[in-house]
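Here is what each chain is made of, one letter per residue.
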Amino acid sequence: MEAQSVALQGYIHGALSSLQTRKTDVSAKFPKPFSSETRCSFQSICSSTKRALRCRSSVEKIEYKGVFDTEEDNPKSKVSFKKLAVFVSGGGSNFRSIYEATLNGSVHGDIVALVTNKHDCGGAEYARGKGIPVILFPPRKGAEEVFSADDLVTALRSYKVDFVLLAGYLKLIPTELIKAYQKAILNIHPSLLPAFGGKGYYGMKVHRAVIASGARYSGPTVHYVDEEYDTGRILAQRVVAVLADDTAEKLAARVLDEEHKLYVEVCSALCDERIIWREDGVPLIQSKHDPSHYL
Ligand SMILES: Nc1nc2c(c(=O)[nH]1)N[C@@H](CN(C=O)c1ccc(C(=O)N[C@@H](CCC(=O)O)C(=O)O)cc1)CN2
Ligand SMILES: NCC(=O)N[C@@H]1O[C@H](COP(=O)([O-])[O-])[C@@H](O)[C@H]1O
């Protein structure tokens, strides 16, 4: 374990912040995941008649202060808050929309770590600005210390991560992580899988292939991650019409808008434990408002 904790040094870039007043660069050490820091986001949640202020410790479960009309209104009767790790390789717009959803209460979770293979990508910079620890995986080629897939699992476990969300991450997730987080790793892909998925299908390459194919519909897919690219169980999709005069860029922009909405909806269901597995192995999302209805 000691060797592992030493190995983790140098790959955790980020800044811990305590109420955004003190930032400590933790690049040289593997930070204790907010062991004593408490991040309070005073957020007013307007229920039907009462307002509730919440203050959550990053380590402890949510403690709700406030008065609620009914047990149903009392979030304490709900499932526990979940800890999320997001993996990015680029600008991170999906990461940012999920982060904002955790702040506005749409997603009952906390992003406790960001993982990237590009230490200077937009998503990593945004995470550092919000005090979210950034983990570099895989490390740069030729890096001195080894930071293995097992080390990554150790790091995520130390942050008590419940779910892993891939959002524009362009590397193959190793088997060690898939085994450690079974039915707990999701990915968003910018086409209606199984079409236009697999090795070589990422970013604008996907949208160019869709346009070239003459397909009349495209749209984002959220799926569980298995050992291969884009072959895991499909959880949710949205349809975007492909227009006769579409360019790949215009299509990409419309699909990305739908991605932001879809991923937040899926993360909300994930954190609320509203994912139901059908007997044939197909995962379904239970409606927030009517449990007998599936999205
Ligand atoms: N084990 C898994 N890992 C990953 C999955 C997955 O489903 N299972 N999804 C991808 C995300 N993705 C599509 O949604 C995807 C990402 C990258 C590629 C790809 O071909 N990558 C290139 C390298 C690109 C680069 O380094 O710039 C490659 O492997 O040659 C395909 C699909 C994330 N990981
Ligand atoms: N095959 C993986 C893939 O192509 N993922 C795609 O990368 C983009 C990341 O954008 P973002 O960094 O702004 O979230 C998104 O469109 C996502 O669907």
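- If you look the chain up in an unreviewed UniProt entry, it shows as Phosphoribosylglycinamide formyltransferase, chloroplastic from Salvia divinorum.
- The record in UniProt for the chain states the following under Catalytic activity (unreviewed entry): "N(1)-(5-phospho-beta-D-ribosyl)glycinamide + (6R)-10-formyltetrahydrofolate = N(2)-formyl-N(1)-(5-phospho-beta-D-ribosyl)glycinamide + (6S)-5,6,7,8-tetrahydrofolate + H(+)".
- As its UniProt record puts it under Subcellular location (unreviewed entry), the chain is described as follows: "Plastid, Chloroplast".

1. A closer look at the site of ligand 2
Part 1: Around ligand 2, a shell composed of 13 residues is seen, among which Gly92, Ser93, Asn94, Gly203 and Glu259 lie nearest.
Part 2: One of the backbone N or O atoms of Tyr201 is found 3.2 Å from a nitrogen atom in ligand 2.
Part 3: The fraction of the free accessible surface of ligand 2 (450 Å²) that becomes covered by protein chains is 86%.
Part 4: The set of elements that each furnish at least two residues to the shell around ligand 2 consists of helix H2 (93–104), strand S11 (185–189) and helix H7 (248–271).

2. Focus on the site of ligand 1
Part 1: By nearness alone, 21 residues border ligand 1, and Lys171, Asn187, Gly200, Asp226 and Tyr229 come closest of all.
Part 2: At 2.7 Å, a side-chain N or O of Asn187 approaches an oxygen atom of ligand 1.
Part 3: Between ligand 1 and the protein, one listed contact pairs an oxygen atom with a side-chain N or O atom of His189 at 3.0 Å.
Part 4: The protein chains hide 86% of the 710 Å² of surface that ligand 1 would expose on its own.
Part 5: For the shell around ligand 1, the per-class residue count stands at 10 nonpolar, five polar and six charged.

3. Quick look at H7
Part 1: The terminal C-alpha atoms of H7 lie 33 Å apart, and with 24 residues this matches the ideal 34 Å at 1.5 Å per residue to within 8%.
Part 2: Just past H7, the residue Glu273 takes up positive phi, approximately 55°.

4. Comments concerning the packing of aromatic side chains
Aromatic ring pairs are reported here in terms of the distance separating the ring centres and the angle at which the planes meet.
Part 1: One pass over the full model with this rule turns up five aromatic pairs.
Part 2: Geometrically, the ring pair formed by Phe87 and Tyr169 is edge-to-face, given 5.2 Å between the ring centres and 85° between the ring planes. With Phe87 in strand S7 (residues 82–88) and Tyr169 in the loop between strand S10 (163–166) and helix H5 (175–180), the pair connects residues that are 82 residues apart, well separated along the chain.
Part 3: For Tyr169, a relative accessible area of 8% puts it in the buried group.
Part 4: Judged by centre distance (5.9 Å) and plane angle (85°), the ring pair of Tyr99 and Tyr126 falls under edge-to-face.

The rules behind the values
- Residues numbered from 1 in each chain as written.
- Chains lettered and ligands numbered in written order.
- Predicted model: local features only at pLDDT ≥ 70, side-chain atom pairs only at ≥ 80, totals over all residues.
- Heavy atoms only, no water.
- UniProt positions renumbered as here; feature names shortened; annotations may be inferred.
- Near = heavy atom within 4 Å.
- Polar contact = N/O pair within 3.5 Å; in protein donor to acceptor, adjacent residues only side chain to side chain.
- Areas by Shrake-Rupley, 256 points an atom, 1.4 Å probe, with all protein chains shown as cover.
- Helix = DSSP H or I, 4+ residues; strand = E, 2+ residues; numbered from the N terminus.
- Nonpolar A, V, L, I, M, F, W, Y, C, P; charged D, E, K, R; others polar.
- Expected span 1.5 Å × (residues − 1).
- Phe/Tyr/Trp six-rings, centres within 6.5 Å; stacked < 30°, edge-to-face > 60°.
- Buried < 20%, exposed > 50% of the residue type's maximum accessible area, 1.4 Å probe, protein only.

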